[in-house]
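Here is what each chain is made of, one letter per residue.
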Amino acid sequence: MTATPDTIAAAATAPGRGGVGVIRISGRRLLPLAQQISGGKTPQPRLALYTDFLDAHGRTIDSGLLLYFAAPASFTGEDVIELQGHGGPVVMQMLLSRCLELGARPAEPGEFTKRAFLNNKLDLAQAESVADLIDASSQAAARMAVRSLKGAFSQHIHALVDELITLRMLVEATLDFPEEDIDFLEAADARGKLAGLQGRLKTVLAQAQQGAVLREGMNVVLVGAPNVGKSSLLNALAGDDIAIVTDIAGTTRDTVREQITIDGIPVHITDTAGLRDTDDTVEKIGIERSGKALAEADLALILTDPAEGLNQKTRDILAALPPHLKKIEIRNKIDLTGTAPALSDGLTLESGADTLIALSAKTGAGLDLLKQALLRQIGWQGESEGLFLARRRHTLALETAQTELDNAALCGNNQIELMAEHLRLAQAACSGITGEFTADDLLGVIFSRFCIGK
Ligand code: GDP
Ligand code: ZN
């Protein structure tokens, strides 16, 4: 055993064959491990060392580059070693086994980043953006993730938190020193500061919400009676044949899910099997999955047939939809009636939708109208510059902070204690985003920043 306790190791490159494969190791003191594996060489921090990687018997497993990052100047803040070998699965496995032999243990998912967070190399929002960058499904998403990783989002949060602390100092000073009465708050323009804070929080929340849209996209379900053209529409949007299209009602046996991107926004579309009673087991499975897709959906596209309109089957399906679902009604097959594609909104339709789009899944006429309507429904404003690739966790926290600020603003001058509590909760919500523990050393801050002993 060479490595210090709780040294972790893992292949950092994707499994399978590749030109280069990287094993990453993080621990408290890794020089002995580096020496063991390289046959006694001592790597210099941040200089590539070309070396053989040796097994326990001194046989060469592979040769490649050994990189050594001495703590704390590393990704995790601990000693980090990277072994860059040939990217074959067997070679990678042998190198990893060698590291385990030397006392490392296999890293858990995300454990390097977790250590980076615990060692204050990254805050929580930045750590999350590491995963977002890797998972980015569009260039816009990748650019936003990098901005968050570099701390753009965290800076906005820190600025909000700093302002909140200043405000709390004022308000709590009034509590602790009752002789510093309401006049004191008014002189310091506490309510003006609170209003300014509400405004800035609103801006950050709006940016974060747009970012969350871009990161998480939207879930859309196609619903409608058999044969209205759900599968055809899915295929038309996806641009290839993934669902089975036939003239026989009930052919779509399974839900079929497809991800498309509209203007860089990921849109997951699920074709439902139809919510009909059936004895057919295959179809039953499909129907169960439809229920799940419906539960996760943000929006339903309700397809009707131009000849039949909203028939009884469709009414039954609509009755089964979760009430929160946004709805767009689609009148398909306009090529049969020779109608022009159109989008009308502000309507009160029987389906519960207020937007009606006439299109043809077969010819593609009107598909662009549908894509526009989808982006509008999700609230996308078409501009990704300056946004943060926020998560629901972040927008929820900011919404909580917003509610607390609103509540604080409602407090009268005889409810200063309550106001202080709302401000405290607002700060806790914001701090949760960057993962700081809101140790209540606020009094210390008050005394260091504020001259009360006048
Ligand atoms: P689903 O049961 O709702 O999934 O309907 P399908 O997509 O399987 O379509 C049923 C039938 O309607 C197929 O024969 C399609 O080719 C036809 N269809 C779908 N959309 C259109 C359209 O826009 N125009 C015309 N003329 N036929 C369509
Ligand atoms: Zn179908």
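Residues numbered from 1 in each chain as written. Chains lettered and ligands numbered in written order. Predicted model: local features only at pLDDT ≥ 70, side-chain atom pairs only at ≥ 80, totals over all residues. Heavy atoms only, no water.

*Asks:* I tried to follow the overall build of the chain on my own but got confused; where do I start?
*Replies:* Secondary structure assignment for the chain yields 16 helices and 13 strands. Per-residue burial for the chain yields a buried fraction of 49% across its 454 residues. Considering only residue pairs separated by 6 or more positions, the chain has 66% of its internal contacts joining residues 24 or more positions apart. Working note: accessible area of the chain is about 21,800 Å², and carbon and sulfur atoms make up 53% of it. (Helix = DSSP H or I, 4+ residues; strand = E, 2+ residues; numbered from the N terminus. Buried < 20%, exposed > 50% of the residue type's maximum accessible area, 1.4 Å probe, protein only. Contact = heavy atoms within 4.5 Å. Areas by Shrake-Rupley, 256 points an atom, 1.4 Å probe, with all protein chains shown as cover.)

*Asks:* Got a minute to help me understand helix H4 (residues 124-135) in this structure?
*Replies:* Residues lying three or four places apart along an α-helix face the same way, a consequence of the helix completing one turn every 3.6 residues. Compared with an ideal rise of 1.5 Å per residue, which puts 12 residues at 16 Å, H4 spans 17 Å between its outermost C-alpha atoms and is within 8% of the ideal. Among the residues of H4, Ala 125, Gln 126, Ala 127, Glu 128, Ser 129, Val 130 and Asp 132 are the ones counted as buried. Against helix H3 (111-118), helix H5 (139-149), helix H6 (152-176), helix H8 (190-216), helix H14 (392-410) and helix H15 (416-434) lie the buried residues of H4. The backbone nitrogen of Ala 125 lies 3.0 Å from a side-chain oxygen of the residue at the head of H4, namely Asp 123. (Expected span 1.5 Å × (residues − 1). Polar contact = N/O pair within 3.5 Å; in protein donor to acceptor, adjacent residues only side chain to side chain.)

*Asks:* I'm lost on the pattern of salt bridges in this one. Help?
*Replies:* A side chain with one charge may pair with a side chain of the opposite charge, provided their charged atoms come close. On inspection of all chains with the given rule, the structure shows 15 salt bridges. Put simply, Asp 6 and Arg 105 hold a salt bridge, and the shortest N to O gap is 3.0 Å. On the criterion of sequence distance, the pair formed by Asp 6 in the segment before strand E1 (8-11) and Arg 105 in strand E6 (residues 105-106) is long-range, its members being 99 residues apart. The class of Asp 6 is partly exposed, set by a relative accessible area of 43%. Glu 163 is paired through a salt bridge with Arg 200; the nearest N and O atoms lie 2.6 Å apart. Taken as a pair, Glu 163 in helix H6 and Arg 200 in helix H8 lie far apart in primary sequence, 37 residues in all. What emerges from the salt-bridge pattern is a single network uniting Asp 6, Glu 78, Arg 105, Glu 111 and Arg 115. (Salt bridge = Lys/Arg side-chain N within 4 Å of Asp/Glu carboxyl O.)

*Asks:* Help me out: how do you make sense of the sheet that holds strand E7 (residues 218-223) in this one?
*Replies:* Where strands meet in a sheet, backbone hydrogen bonds hold them as pairs that are either parallel or antiparallel. Overall, mixed pairing links the seven strands, which are arranged E8-E9-E7-E10-E11-E13-E12 in an open sheet. Since the sheet does not close on itself, it has two edges, and those belong to strand E8 (256-262) and strand E12 (342-345), each with one partner. Across the sheet, the axes of successive neighbouring strands diverge by a mean angle of 25 degrees, strand direction being ignored. Judged from the four bridges that link them, E12 and strand E13 (residues 355-358) form a sheet pairing that is antiparallel. By the bridge assignment for E13, Asp 345 is matched with Thr 355. Strands E7, E8, strand E9 (265-271), strand E10 (299-304), strand E11 (326-331), E12 and E13 of the sheet are contacted by helix H13 (residues 367-378), whose axis makes an angle of about 170 degrees with E11. (Pairing = 2+ DSSP bridges. Axes fitted to C-alpha atoms, helices over the stretch in contact; angles between N-to-C directions.)

*Asks:* Explain the packing of H6 against H8 here, please?
*Replies:* In a packed pair of helices, the relevant descriptors are the angle between the two axes and the axis-to-axis distance. Orientation of H6 relative to H8, taken along the N-to-C sense of each, is 160 degrees, at an axis distance of 10 Å. When the axis of H6 is compared with that of H8, the two are roughly antiparallel. Every pair of crossing elements has a handedness; the one defined by H6 and H8 is left-handed. Side by side, H6 and H8 meet where Phe 153, His 156, Ile 157, Leu 160, Glu 163, Leu 164, Leu 167 and Leu 170 of the first sit next to Ala 190, Lys 193, Leu 194, Leu 197, Arg 200, Leu 201, Val 204, Gln 207 and Ala 208 of the second. The residue inventory of the contact of H6 with H8, partitioned by class, reads 12 nonpolar, two polar and three charged. (Parallel < 35°, antiparallel > 145°, perpendicular 65-115°, else oblique. Left-handed = near helix turned anticlockwise from the far one by under 90°. Nonpolar A, V, L, I, M, F, W, Y, C, P; charged D, E, K, R; others polar.)

*Asks:* Explanation requested: the UniProt feature "binding site: Mg(2+)" (unreviewed entry) in the chain in the structure shown.
*Replies:* According to UniProt, the feature "binding site: Mg(2+)" (unreviewed entry) maps to Ser 231 and Thr 252 in the numbering used here. Tracing the sequence through the fold places Ser 231 in helix H9 (residues 230-238). Taking the relative accessible area as the measure of exposure, Ser 231 reaches 7% and is therefore buried. (UniProt positions renumbered as here; feature names shortened; annotations may be inferred.)

*Asks:* Mind showing me how you'd approach the sheet that holds strand E5 (residues 79-87) here?
*Replies:* Pairing is mixed in the open sheet, where six strands are placed in the order E3-E4-E5-E2-E1-E6. The open sheet has two edge strands with one neighbour each: strand E3 (49-54) and E6. Across six bridges, E3 lies against strand E4 (residues 60-69) in antiparallel orientation. Within the sheet, the bridge partner assigned to Leu 49 lies in E4 and is Leu 66. Against the sheet, helix H2 (residues 89-101) touches E1, strand E2 (18-27), E3, E4, E5 and E6, its axis set at about 15 degrees to E2.

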